[in-house]
Amino acid sequence: MSKILIAEDDGPTRVLVEAILEDAGYTTETVTDGKKAFDRIATTSFDLLLTDIWMPGLNGLELLSKVKTLPSPPPVIVMTSDDTSDTLLKAIREQAYHYIPKPIDPQELTRLVQDGLSASRQETFIEVTSATPNWVEILVPCDQKSAGRMRNFVMQLEADLPEDLRETIAMSFYELLANAIEWGGKLDPSKKVRIAFLRFERMLMFRIADPGPGFDMDELEHAALNNPDDPIAHMSVRENQGLRPGGFGLLMVKTSADELIYNEARNEVAFVKYLDPPKDTKR
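Residues numbered from 1 in each chain as written. Predicted model: local features only at pLDDT ≥ 70, side-chain atom pairs only at ≥ 80, totals over all residues. Heavy atoms only, no water.

Chemist: Tell me about helix 4 (residues 85–93), and please be specific about residues and values.
Modeler: Among the residues of helix 4, those classed as buried are Thr87, Leu88, Leu89, Ala91 and Ile92. The inward-facing, buried residues of helix 4 abut helix 3 (60–67), strand 4 (76–80), strand 5 (98–101), strand 6 (127–132), strand 7 (135–141) and helix 6 (144–157). A positive phi of about 75 degrees marks glutamine 95, the residue just after helix 4. (Buried < 20%, exposed > 50% of the residue type's maximum accessible area, 1.4 Å probe, protein only. Helix = DSSP H or I, 4+ residues; strand = E, 2+ residues; numbered from the N terminus. Contact = heavy atoms within 4.5 Å.)

Here it is, written out as C-alpha cells:
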C-alpha cells in the first residue's frame, strides 16, 4: 500500500487532503512544517510527498531543494494558493513532479497522486532554462507522461486568463507537445523537446522544437488530418505504431490557433493566441 507524507500547516486543508487520500486507499502521515517533513523523508521511506509552499520551519520550495538531494527522493506534488508564475517556475526548477492549486479539487488531487505514484524513481526531470515573467523556456524529456505533466503546469502558468481560454491553450499545447515527443523524439526519454512560452501584452505564443530531423505532413498516416474521408482510420495506424489514443489533435489545434506556423524542416512549430484583437499591421 502506497505511503504518502502530507506537509501542510493549515489545519482544514491538512484534514481534507488526508481524508481524500485515505478514502482512495492510501496510507498517510501528516506534519505541520517543512523541517518536520524533511526529517521524516530523510529517515522513513515514503512513496510520495504532498507539500504546501508557505510553511514555518522550511517553506515548500526549500523543502523541495533539500529533498531532491536525498539518495531516493519521492515524487513531490506542490499544493498552494499562490498562483504566481514565479512560484510555479521555482517549483519546477526544484523538480516538483506536479502542482495543484488551492482550494483542492478532490478528483484532480486523486488523479495527480495516481500519476505521481506511477513515476519511475529514475525518471528524467523537466529542466527550466529561462524563467522571466514574459519568457519561459523549458527542456522536456520525450516520454508521454511529460506531456501530461506540462499540460498541468501550463494551466497554472497562465492563471490570470479566463478558464476556457486557458483550457484551449493547454489542450493545443498538449497536442503539439505530444506529437513532438512521439514523432521527433521517438518516445526516447534521453532526448529533449525545447519549449518557449512568450507572453506579450496582447498575445501569447509558444514554440515547440523537437529533436528530430523534421517530417513531411503527407507521411503522417497516424494523423486524422490526413484521413478526412474516414476520420477513425488513423486509429489503427496509431495503435500499430504504439502511439497514444486519439490523433484528432492537429485538427483541433488548427481551429483554436490564431496563428500556427512551422519551420522549413517541420521540427519546430509556433502557436499564437491573441488575448484581444490585434492592431491592424502589414503582413
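Chemist: Run through helix 5 (residues 106–117), naming residues and quoting values.
Modeler: The first and last C-alpha atoms of helix 5 sit 16 Å apart over twelve residues, in line with the 16 Å expected at 1.5 Å per residue. Along helix 5, the residues that are buried comprise Leu109, Thr110, Leu112, Val113 and Gly116. Of the surrounding elements, those touching the buried residues of helix 5 are strand 1 (3–7), helix 1 (11–23), strand 3 (48–52), strand 4, strand 5 and helix 6. If you check the start of helix 5, you find a side-chain oxygen 3.2 Å away from the backbone N of glutamine 107, and it comes from aspartate 105. (Expected span 1.5 Å × (residues − 1). Polar contact = N/O pair within 3.5 Å; in protein donor to acceptor, adjacent residues only side chain to side chain.)

Chemist: Could you give an account of unusual backbone geometry, with specific residues and numbers?
Modeler: The omega angle of the peptide bond from lysine 102 to proline 103 is 0 degrees, so this bond is cis rather than trans. One can find proline 103 in the loop between strand 5 and helix 5. Positive phi values are uncommon outside glycine, yet lysine 186 reaches one of about 55 degrees. Relative to the assigned elements, lysine 186 resides in the loop between helix 7 (163–184) and strand 8 (192–199). Here arginine 266, not a glycine, exhibits a phi torsion of approximately 65 degrees, which is positive. Topologically, arginine 266 is positioned in the loop between strand 10 (259–262) and strand 11 (268–274).

Chemist: Before we move on, can you summarise the pattern of salt bridges with the specific residues and values?
Modeler: Enumeration over the complete set of coordinates arrives at 13 salt bridges. With its nearest N and O atoms 3.3 Å apart, the salt bridge here joins lysine 35 to aspartate 39. With lysine 35 and aspartate 39 both in helix 2 (residues 34–43) and four residues apart, the pair spans about one turn of that helix. Each of Glu8, Asp52 and Lys102 takes part in salt bridges that share partners, so that together they form one network. (Salt bridge = Lys/Arg side-chain N within 4 Å of Asp/Glu carboxyl O.)

Chemist: Explain the packing of helix 5 against helix 6 to me, using residue names and the numbers behind them.
Modeler: Interaxial distance between helix 5 and helix 6 falls to 12 Å at its minimum, and their mutual angle equals 145 degrees. In the crossing of helix 5 with helix 6, the sense of the turn from one axis to the other is left-handed. Note on element contacts: helix 6 touches helix 5 through Lys145, Arg149 and Asn152, opposite Glu108, Arg111, Leu112 and Asp115. (Axes fitted to C-alpha atoms, helices over the stretch in contact; angles between N-to-C directions. Left-handed = near helix turned anticlockwise from the far one by under 90°.)

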